[in-house]
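Geometric and topological summary
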Amino acid sequence: MIERLQEAGYNVRAPQFPLTSLADDVARLRQVLAFQDRPTIVAGHSYGGQVITALGTDAPNLVGLVYIAAFGLDEGESLGALLSQGPVSPALAHTFTDQSGFIWLSEEDFVGHFAADVERRQARVMWAVQQPLAGSAFTDVMAVPAWKSLPSWYLVAKDDEALPPDAERQFAARMGATTVEVSASHVAMVSHPEEVASLIEKAAEHVGSTVPIS
């Protein structure tokens, strides 16, 4: 997906987040945005949606948001409160927290549900290189979300077993996002990279931007 966007002429950056806190992750994204010398959109997947949303209304160069099966919280909401409103999704059924307070996915849930439409051998590699997320990210409360003041695009993964597709549709609807739906698992950017890249390109063409991805 990144190769396609680069070949199309976009200045793509894919920052690696520390995942130690929402504040740390937002700071890393702001660092990358400061590198960009043109109007820029950000694309966030899963928790990455929390990060791009938390940029608020004063991020440098930011002109648009793309959500890929991602959390799009509103002011006053938290991931933990949101997830507690329904049953635990299959991909998160056996998460565990280590002694440092970081949350990991089990191999069975990752391969069988989180990345259900990815070839098993590749999914196992993805599980092996996963980065754990600090538990504090689930209690951080969203301030004014970036989507309140910026145009947004949203890809709903119709076969998602981590973040329920209906929740994704609700996020997209309330932010007024241009929405597409793809028959994909939670990792749509891996199993359906062409569709994801196409949505990012459409967003970039709309605002005339370069593209960092989170």
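A short tour of the structure in this document, coming up. (Residues numbered from 1 in each chain as written. Predicted model: local features only at pLDDT ≥ 70, side-chain atom pairs only at ≥ 80, totals over all residues. Heavy atoms only, no water.)

Turning our eyes to something else, we now look at the sheet that holds strand β4 (residues 96-97). The antiparallel open sheet is built from 3 strands, whose spatial order is β4-β5-β6. The strands lining the two open edges of the sheet, one partner per strand, are β4 and β6 (133-134). As judged from the 2 bridges shared by strand β5 (residues 102-104) and β6, these two strands associate in the antiparallel manner. Within β6, the position partnered with F102 by the bridge is A134. (Pairing = 2+ DSSP bridges. Helix = DSSP H or I, 4+ residues; strand = E, 2+ residues; numbered from the N terminus.)

Here T53 shows up in helix α3 (residues 47-53). In this structure T53 comes out as buried when scored by relative accessible area, which is 0%. Within polar-contact distance, the side chain of T53 engages the backbone oxygen of G49 at 2.6 Å. Not counting residues up to four positions away in its chain, the partners in contact with T53 are Y67, F71, G72, L73, M142, V144, P145, A146 and W147. (Buried < 20%, exposed > 50% of the residue type's maximum accessible area, 1.4 Å probe, protein only. Polar contact = N/O pair within 3.5 Å; in protein donor to acceptor, adjacent residues only side chain to side chain. Contact = heavy atoms within 4.5 Å.)

Quick look at the sheet that holds strand β8 (residues 178-182) now. Picture the strands of a sheet paired through backbone hydrogen bonds; they go either parallel or antiparallel. Strand order across the open sheet formed by 4 strands is β2-β3-β7-β8, with parallel pairing between neighbours. The strands lining the two open edges of the sheet, one partner per strand, are β2 (40-45) and β8. Here the average twist between neighbouring strands, direction ignored, is 15°. Of the strand pairs in this sheet, β2 and strand β3 (residues 62-68) are connected by 6 bridges, and their pairing is parallel. Bridge pairing in β3 links A43 to V66. (Axes fitted to C-alpha atoms, helices over the stretch in contact; angles between N-to-C directions.)

Of note, R124 is situated in helix α6 (residues 120-128). Here the alpha-carbon distance between R124 and D25, two residues 99 residues apart in the chain, equals 26 Å. If we ignore the near neighbours within four places in the chain, the residues touching R124 are E107 and V111. Within polar-contact distance, the side chain of R124 engages the side chain of E107 at 2.7 Å.

This next bit is on the side chain of S46. Examined against the element boundaries, S46 turns out to sit in the loop between β2 and α3. We classify S46 as buried; its relative accessible area is 14%. Discounting chain neighbours no more than four positions away, the residues touching S46 are I68, A69, A70, F71 and H186.

L29, V42, Y47, L55, L65, Y67 and Y154 are the most contacted members of the largest nonpolar core, which totals 32 residues. Broken down by secondary-structure element, the contributors of at least two residues to this core are α2 (22-35), α3, β3, β7 (152-157) and α7 (165-174). In terms of residue count, α2 provides more of this core than any other element does, 4 residues in total. Core analysis: the next-biggest nonpolar cluster, separate from the first, contains 19 residues, L5, V12, A69 and V182 among them. (Core = buried A, V, L, I, M, F, W, Y, C linked by side-chain atoms within 4.5 Å.)

Turning to the pairing of β8, a few remarks are in order. Across 5 bridges, the pairing between β7 and β8 is parallel. Residue V156 lies in a different strand from β8, and its bridge partner there is E181.

Moving on, we get to α2. Given 3.6 residues to a turn, an α-helix orients residues that are three or four positions apart in the same direction. A rise of 1.5 Å per residue sets the reference length of α2, with its 14 residues, at 20 Å; its end C-alpha atoms lie 21 Å apart and thus fit the reference within 8%. For α2, the set of buried residues is L22, D25, V26, L29, V32 and L33. Down the axis of α2, the buried side of the element spans an arc of 120°, and every buried residue falls inside it. Among the exposed residues of α2, those oriented more than 90 degrees off its buried face are A23 and A34. (Expected span 1.5 Å × (residues − 1). Arc of directions from axis to C-beta.)

Turning our attention to the pairing of β2. Most of β2 sits inside the fold, with 6 of its 6 residues counted as buried. Along β2, one buried face is formed by T40, V42 and G44 and the opposite face, lined by I41, A43 and H45, is buried too. Note on the crossover from β2 through α3 to β3: the handedness is right-handed. (Right-handed = clockwise from strand over helix to strand, strands pointing away.)

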